[in-house]
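An overview of the molecular structure
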Amino acid sequence: MADKKKRRRADSDSNSASQPFKNLLKSDAQILQILKSVTSSSSSSTSKPLTLADLALSSTCREVSDLSLSSVQSTIESLVLQLTHQILSGQGFSFTVPSRSSSNQLYVPELDRIVLKDKSTVRPFSHISSVRKTTITAKILSLVHQLCLKNIHVTKRDLFYTDVKLFQDQVQSDAVLDDVSCILGCTRSSLNVIAAEKGVVVGRLIFSDNGDMIDCTKMGMGGKAIPPNIDRVGDMQSDALFILLVEKDAAYIRLAEDRFYNRFPCIIVTAKGQPDVATRLFLKKMKMELKLPVLALVDSDPYGLKILSVYGCGSKNMSYDSANLTTPDIKWLGIRPSDLDKYKIPEQCRLPMTEQDIKTGKDLLEEDFVKKNPGWVEELNLMVKTKQKAEIQALSSFGFQYLSEVYLPLKLQQQDWL
Amino acid sequence: MESECPTETKKGKSKTPKKAKESILKQKSPAEFFAENKNIAGFDNPGKCLYTTVRELVENALDSAEAISELPVIEITIEEIVKSKFNSMIGLVDRERVDEELYDDYETAKAREKRLAKEARAQEIQAKNAALGKKVKEHAVSKSSKGRGEASFYRVTCRDNGRGMPHDDIPNMFGRVLSGTKYGLKQTRGKFGLGAKMALIWSKMSTGLPIEISSSMRGQNYLSFCRLDIDIHRNIPHIHLHEKRDNKDKWHGAEIQVVIEGNWTTYRSKISHYMRQMAVITPYAQFLFKFVSDAPDKNVTIKFARRTDVMPPVPVETKHHPSSVDILLIKRLIAETSKQNLMQFLQHEFVNIGKPLAERLIGEMGPEFSPKTAVKSLTDQQIVRIHQLFRQAKFDDPSGDCLSPAGEYNLRLGIIKELHPDMVATYSGSAQVFEGHPFIVEAGVSVGGKDVKQGLNIFRFANRIPLLFEQGGDVVTRTALKRISWNNYKINQTQDKIGVFVSIVSTKIPFKGTGKEYIGDDISEIASAVKSAIQQCCIQLKSKIVKKMQAREQQERKRNLSKYIPDATNAVYDVLKEMAKSHASKKKRYEEGDADILRKVSDHLITKETLYEKLTQHVEKVDYEMALEYATQTGVREEPREDIYLESLDDKGNFFDFHSPIFVFRLFL
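Residues numbered from 1 in each chain as written. Chains lettered and ligands numbered in written order. Predicted model: local features only at pLDDT ≥ 70, side-chain atom pairs only at ≥ 80, totals over all residues. Heavy atoms only, no water.

Some details on the overall build of chain A
In terms of helices and strands, chain A carries 18 helices and 18 strands. Long-range contacts, defined as pairs at least 24 residues apart, comprise 76% of the intrachain contacts of chain A with a sequence gap of at least 6. (Helix = DSSP H or I, 4+ residues; strand = E, 2+ residues; numbered from the N terminus. Contact = heavy atoms within 4.5 Å.)

Focus: the overall build of chain B
When helices and strands are tallied, chain B shows 18 helices and 18 strands. Sorting the 669 residues of chain B into buried and exposed places 44% on the buried side. (Buried < 20%, exposed > 50% of the residue type's maximum accessible area, 1.4 Å probe, protein only.)

Quick look at helix 15 (residues 355-366) of chain A
Residue and element names in this part refer to chain A. Over its 12 residues, helix 15 runs 17 Å from end to end, which matches the ideal 16 Å to within 8%, given 1.5 Å per residue. Listed in full, the buried residues belonging to helix 15 are Asp 357, Ile 358, Thr 360, Gly 361, Leu 364 and Leu 365. Buried residues of helix 15, seen end-on, are gathered within an arc of 160° and therefore sit on one face of the element. In this structure, helix 15 carries Glu 355, Gln 356 and Glu 366 as exposed residues pointing more than 90 degrees from its buried face. In this structure, the buried residues of helix 15 make contact with helix 12 (302-313), helix 16 (368-371), helix 17 (374-386) and strand 18 (388-389). (Expected span 1.5 Å × (residues − 1). Arc of directions from axis to C-beta.)

A few points about the pairing of strand 4 (residues 222-231) of chain B
Residues and elements named next belong to chain B. Within strand 4, 8 of the 10 residues are buried, which leaves it mostly tucked inside the rest of the structure. Where strand 3 (residues 211-216) meets strand 4, 5 bridges bridge the pair, whose relative direction is antiparallel. For Glu 212, the partnering residue across the bridge sits in strand 4 and is Arg 227. Counted between consecutive antiparallel strands, the loop separating strand 3 from strand 4 contains 5 residues, among which Gly 219 sits at a positive phi close to 70°. Pairing of strand 4 with strand 5 (residues 236-246) involves 10 bridges; the strand directions are antiparallel. Across the sheet, residue Leu 223 finds its bridge partner in strand 5, namely Arg 245. (Pairing = 2+ DSSP bridges.)

Focus on the UniProt feature "active site" (unreviewed entry) in chain A
Cross-referencing UniProt, the feature "active site" (unreviewed entry) maps to Tyr 161 of chain A in the present numbering. You can see Tyr 161 of chain A is positioned in helix 6 (residues 156-161). (UniProt positions renumbered as here; feature names shortened; annotations may be inferred.)

Overview of the interface of chain A and chain B
The interface of chain A with chain B comprises 28 residues on the first partner and 30 residues on the second. Interface of chain A and chain B: buried area, both sides summed, is about 2,600 Å²; carbon and sulfur atoms make up 77% of it. Area buried by chain A at its contact with chain B is led by Leu 81, Leu 88 and Ile 128 of chain A, which between them contribute 23% of it. For the interface between chain A and chain B, the tally reads 0 salt bridges. At the surface where chain A touches chain B, the tally comes to 6 residue pairs in polar contact (both at pLDDT 80 or more). (Buried area = accessible area lost by both parts, 1.4 Å probe. Salt bridge = Lys/Arg side-chain N within 4 Å of Asp/Glu carboxyl O. Polar contact = N/O pair within 3.5 Å; in protein donor to acceptor, adjacent residues only side chain to side chain.)

Regarding the sheet that holds strand 9 (residues 206-209) of chain A
All names here are of chain A. Read across the sheet, 3 strands follow the order 10-9-12 without closing on themselves; strand pairing throughout is antiparallel. Of all strands in the sheet, those with a lone pairing partner are strand 10 (212-215) and strand 12 (233-237), marking the two edges. For this sheet, the mean inter-axis angle between neighbouring strands, taken without regard to orientation, is 25°. The sheet contact formed by strand 9 and strand 12 spans 3 bridges and is antiparallel. Bridge assignment links Ile 206 to a residue of strand 12, and that residue is Gln 237. Sitting on the sheet, helix 11 (residues 277-290) touches strand 9 and strand 12, and the angle it makes with strand 12 is about 45°. (Axes fitted to C-alpha atoms, helices over the stretch in contact; angles between N-to-C directions.)

Focus: the side chain of Asp 276 of chain A
Residue and element names in this part refer to chain A. Within the secondary structure, Asp 276 is located in the loop between strand 14 (266-270) and helix 11. Within the structure, the side chain of Asp 276 is placed 2.4 Å from the side chain of Thr 279, a separation counted as a polar contact. The residues contacting Asp 276, other than those within four sequence positions of it, are Ala 196, Lys 198, Gly 199 and Ala 271.

Comments concerning a nonpolar patch on the surface
All names here are of chain B. There is a patch of nonpolar side chains on the surface, built from Phe 656, Phe 658, Ile 662, Phe 663, Phe 665 and Leu 667 and spanning about 670 Å² of accessible area. Contributing elements (two or more residues each) for the nonpolar patch: strand 17 (655-659) and strand 18 (664-668). With respect to the helices, strands and loops of the structure, Leu 667 is situated in strand 18. You can call Leu 667 partly exposed: its relative accessible area is 37%. (Patch = residues over 30% accessible without salt bridge, like charges linked within 9 Å, V, L, I, M, F, W, Y side chains within 5 Å. Areas by Shrake-Rupley, 256 points an atom, 1.4 Å probe, with all protein chains shown as cover.)

Overview of the packing of helix 10 (residues 342-349) of chain B against helix 11 (residues 355-365) of chain B
All names here are of chain B. Their axes nearest at 9 Å, the elements helix 10 and helix 11 cross at an angle of 130°. Judged by the angle between their axes, helix 10 and helix 11 are oblique. Both helix 10 and helix 11 take part in a crossing whose hand is right-handed. Each of Leu 342, Met 343, Leu 346 and Gln 347 in helix 10 lies in contact with helix 11, whose residues at this interface are Lys 355, Ala 358, Glu 359, Ile 362 and Met 365. Per-class residue counts for the contact of helix 10 with helix 11 are 6 nonpolar, 1 polar and 2 charged. (Parallel < 35°, antiparallel > 145°, perpendicular 65-115°, else oblique. Left-handed = near helix turned anticlockwise from the far one by under 90°. Nonpolar A, V, L, I, M, F, W, Y, C, P; charged D, E, K, R; others polar.)

Considering the packing of helix 11 of chain B against helix 12 (residues 380-392) of chain B
If you want to describe how two helices pack, look at the angle between their axes and the distance between the axes. Residue and element names in this part refer to chain B. Where helix 11 meets helix 12, the axes come as close as 10 Å, and the angle between the chain directions of the two elements is 120°. The orientation of helix 11 with respect to helix 12, classified from their angle, is oblique. Along this stretch, helix 11 crosses helix 12, giving a crossing that reads as right-handed. In this structure, helix 11 contributes Leu 361, Glu 364 and Met 365 to the contact, and helix 12 contributes Arg 385, Ile 386, Leu 389 and Phe 390.

Observations concerning the packing of aromatic side chains
Residue and element names in this part refer to chain B. In total, this model carries 22 aromatic pairs over all chains according to the counting rule given. Between Phe 658 and Phe 665, the ring centres sit 6.1 Å apart and the planes meet at 45°, which makes this aromatic pair tilted. The rings of Tyr 51, Tyr 267, Tyr 274 and Phe 469 are connected pair by pair, giving a single aromatic cluster. Above the face of the Trp 251 ring, Arg 159 is positioned so that its terminal group lies 4.2 Å from the ring centre. (Phe/Tyr/Trp six-rings, centres within 6.5 Å; stacked < 30°, edge-to-face > 60°. Lys NZ or Arg CZ within 6 Å of the ring centre and 35° of its normal.)

Examining the UniProt feature "domain: Type II DNA topoisomerase VI subunit A all-beta" (unreviewed entry) in chain A
UniProt marks residues 197-233 of chain A with the feature "domain: Type II DNA topoisomerase VI subunit A all-beta" (unreviewed entry), using the numbering shown here. Along residues 197-233 of chain A the backbone is 0% helical and 41% strand, and the end-to-end C-alpha distance reaches 14 Å.

Focus: the sheet that holds strand 13 (residues 242-246) of chain A
All names here are of chain A. Across the sheet, 6 strands lie side by side as 11-8-14-13-15-16; this open sheet has mixed pairing. Pairing within the sheet leaves two strands with one partner each, and these edge strands are strand 11 (224-225) and strand 16 (330-334). As paired strands, strand 8 (residues 200-203) and strand 11 are joined by 2 bridges and run antiparallel to one another. In the strand pairing of strand 11, Val 201 is matched with Lys 224. Contacts from helix 12 reach strand 13, strand 15 (294-297) and strand 16, with the element oriented near 160° to strand 16.

Description of the environment of Leu 403 of chain A
Residues and elements named next belong to chain A. Counting through the fold element by element, Leu 403 comes out in helix 18 (residues 402-413). Each C-alpha atom, one on Leu 403 and one on Ile 392, is 8.4 Å from the other, the two residues being 11 residues apart in sequence. Sequence-distant contacts of Leu 403, defined by excluding residues within four places in its chain, comprise Ala 251, Arg 254, Leu 255, Leu 297, Ile 392, Leu 395, Leu 408 and Pro 409.

Some points on the side chain of Asp 112 of chain A
All names here are of chain A. Summarising the element assignment, Asp 112 is placed in the loop between strand 3 (105-108) and strand 4 (113-117). When its relative accessible area of 17% is taken as the criterion, Asp 112 is described as buried. A polar side-chain atom of Asp 112 sits 2.7 Å from a polar atom in the side chain of Tyr 107. Not counting the four nearest positions on each side in its chain, Asp 112 is found in contact with Tyr 107, Gly 312, Cys 313, Asp 329 and Lys 372.

Focus on the pairing of strand 13 of chain A
All names here are of chain A. Of all 5 residues in strand 13, 5 are buried, a share of seventy percent or more. Residues of strand 13 alternate between two faces, with Phe 242, Leu 244 and Val 246 on one and Ile 243 and Leu 245 on the opposite face, all of them buried. Summarising the sheet, strand 13 and strand 14 pair through 5 bridges and their orientation is parallel. Bridge pairing links Leu 244 to Ile 268 in strand 14. When strand 13 meets strand 15, the two strands line up parallel, connected through 4 bridges.

Side note on the pattern of salt bridges
Taken as a whole and judged by the stated rule, the model has 49 salt bridges over all chains. Residue Asp 179 of chain A is joined to Arg 123 of chain A by a salt bridge in which the shortest nitrogen-to-oxygen separation is 2.8 Å. Here Asp 179 of chain A is found in helix 8 (residues 170-184), whereas its partner Arg 123 of chain A is found in strand 5 (residues 120-124), with 56 residues between them in sequence. Both residues of the pair, Asp 179 of chain A and Arg 123 of chain A, count as buried. In this structure, the salt-bridge partner of Glu 70 of chain B is Arg 218 of chain B, at a minimum N-O distance of 2.7 Å. Of this pair, Glu 70 of chain B sits in the loop between helix 3 (46-67) and strand 1 (73-81) while Arg 218 of chain B sits in the loop between strand 3 and strand 4, placing them 148 residues apart in sequence. Under the relative-accessibility criterion, Glu 70 of chain B is labelled partly exposed at 24%. The exposure class of Arg 218 of chain B is partly exposed, given its relative accessible area of 48%.

Set out below in structure tokens:
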């Protein structure tokens, strides 16, 4: 080890002493060559995605589909007529809502995503525990009906503000909105309700947003906000070799400012934490249309992996639409628990895991989407054993640009992803 | 049982000729040791000394009454003695200060100026506040903080109706530290024979006045009176007066009076908490607590009335469990035993060793042991071997029969009496074992009540004495705060007024620290027993709370359902209206039944009001049905009734009876 250090000091400039492993880097052209070979092999292997019907699960599992505005409208109308009949006959009224509880979720390994099973609950008006939710459901249905008539989009926040007194809290109206999607059997985007923009994209990507052509290399440092309604996005073109998924805004800004995508042609995406629906849809669309490998750069803690899993196999909350929201085959590039020692991240940049962290980590080990990937299990076991975590920013201890100048190129060169 | 007292030997030594070279080696009598380290026994500062004195006297009194199965009646009086009275008591003449500047609290001209300015400012502010109509807080009369030497003195008197003491034993019982009647292996409040003696040592240290004891035993026709203090250097009593007097009232019990320095102001609340909690755990006792001083407005009299005449059984003395003894203890047992051989010794001096087990044990000890081995002839090595085997062998756990827990009934009564909670649940665990000593955990959890603050109120008892200090580290506090998920039992940890009572009894309570103030959190056996006892109470409470919530839900159901009718009907009607419009303009086709409804909506035959009425009718119907169902399910109220306890009256009352066929009206004169 000692003589290795000496050698490095001897044959490279002083900068490398503070940026370990820089001397291992090959030239950019060589790295590009490696990447190209990987990309070509991966894109050829992509096949048509399986569906529930292929696995003969369509009777026991539930999935929603994109519906046109008019069919959403007529589904709501027939439902309301049904309610009216019930009320007029003096029976009150009730909804049959597919259950989104965790006991009604199923991870299907063949699909590599979570799907919703077929259990439903009845939500009657005349019961003290469900009267509130039933009323809110009726209200949301009537609001969505209006959107259909007028053919406009609103945000979830708009929806909440139509009757703050009834909804009390946006969490409640948001939850019922997902219920309504399930009842009607359509995706949430078909309801014309969108979430506020959260995700951003930058890099070698050109696409059309509502008719305007966007070139993501010319969007400045901040990048282009991912449009909330995916149905208006199209015509994707790119000469990138991979998509880089970044958990944190800070790392995204670093890569964007350093124009990392010009050194290694790529598309950089972040949702700044837990991904929203729009970002997940956008990533899925890119993956499907451009057929590029997706590499993820997340924190080395249980939540980093959790975020990775939401991109990959979906969240429990929105499992009814996992077919549209999940992007298969995401590779875990870093920061992985084994990188902490491999890249000699100093002790002061590592954090001890809290008891809650360790518990989350152990729970993750029980999850199917982790178990199916032996490499991930190994990494997670290491994390739980060492009880240490680190954020992407821990790399800044070797200089702010270490991430973009050494760490990522080296990772790419070694094809070090799981 | 008298402990061997080192003074005997010391006396001999002190008489050795003084000419012998002065040795640097000095010896201390136990009394001296405790006088110097009085904090060990809870005598840290004058305030705490007053508290501990009260506590020790009360606990001795309770033990004494319970020992003869007499319902305890205890009177405790604290009398404040002002300095001049104190001086006259000890025959000291009050001296006027001549040289003012000599004293510590002398106010220099500068300090005086400062103080006057400050007072003037305070008055100004007060006047301003008064002018603004603000509620003027009674300005705490800035009592000139007591200077050094301005001690306050108290006469503490405790009178009980207990066993009393044999006339001749009294001097040794009070004038000799580490001599006591409670050294056997049994659940007792006191343990080391320190309490009353420490009070005496403290009185000697702070006032120099002796202790006065009156006592009489049952059926004794005289009353013993004794005034004594303690010779601290020799740890022997120093008797001033010891005589027999007339016992006209046939009273039995003891009255102990001691004059000590103390601090009532700072420890008033601790003392009253102590009395209150003592009343919780011993509802069968009657306490009369009095504080008497020259200022009548400071006087306090609290009577804690008896609420039951059911007393827990007297704890019996038990033998040692083999896994709890050490080598010294084995040696002592060998010295004291009346048994001749090893076989009998094992069988009779320990619990849970029967004949077959004793034989197996002796066989296991080795060839040099036999059942016939004379027990007094055992060598040191052999004793070590026995000890090793005791450590490793498996024995049945000691039973809890020798323990005397307060009992669920008493605990419950105590809680109800002192806190008046809305709900209470109690639980008594079975006996468990820690290091060879059995222990029993009892718990009570209450919700609501008067004078109870929001959140957790924790009451701890060990061997039926309240523990007031060192709450933070205690196993009960930590368990209640950290390991109970109150939410699971529908109890709100911050909003509800929760009382948690845990009483632990054992032949040996594993106290932490020097004072007997708390039980550490590191003993997993006790921690888990405490947790499960509290949980059991919570489970009982949960069903009561759920029932209450259901009852409330019953009352409010109709209102809560009706509240949402307008929102629901509006939502449905809004959609219908739009549909009716497009139906009328023939934009869309509907099936016959649906088209019929839409037509009626267009013609205002079905309106918002129609839906509203129908929904209201439905809600009323559902409410009626559910109320009926609830009533048939729950039936008549089955709240458990509490027994009332009526205290029996003195038979010498003077009264008239007015008899009627159905009742008697008794008029007391």
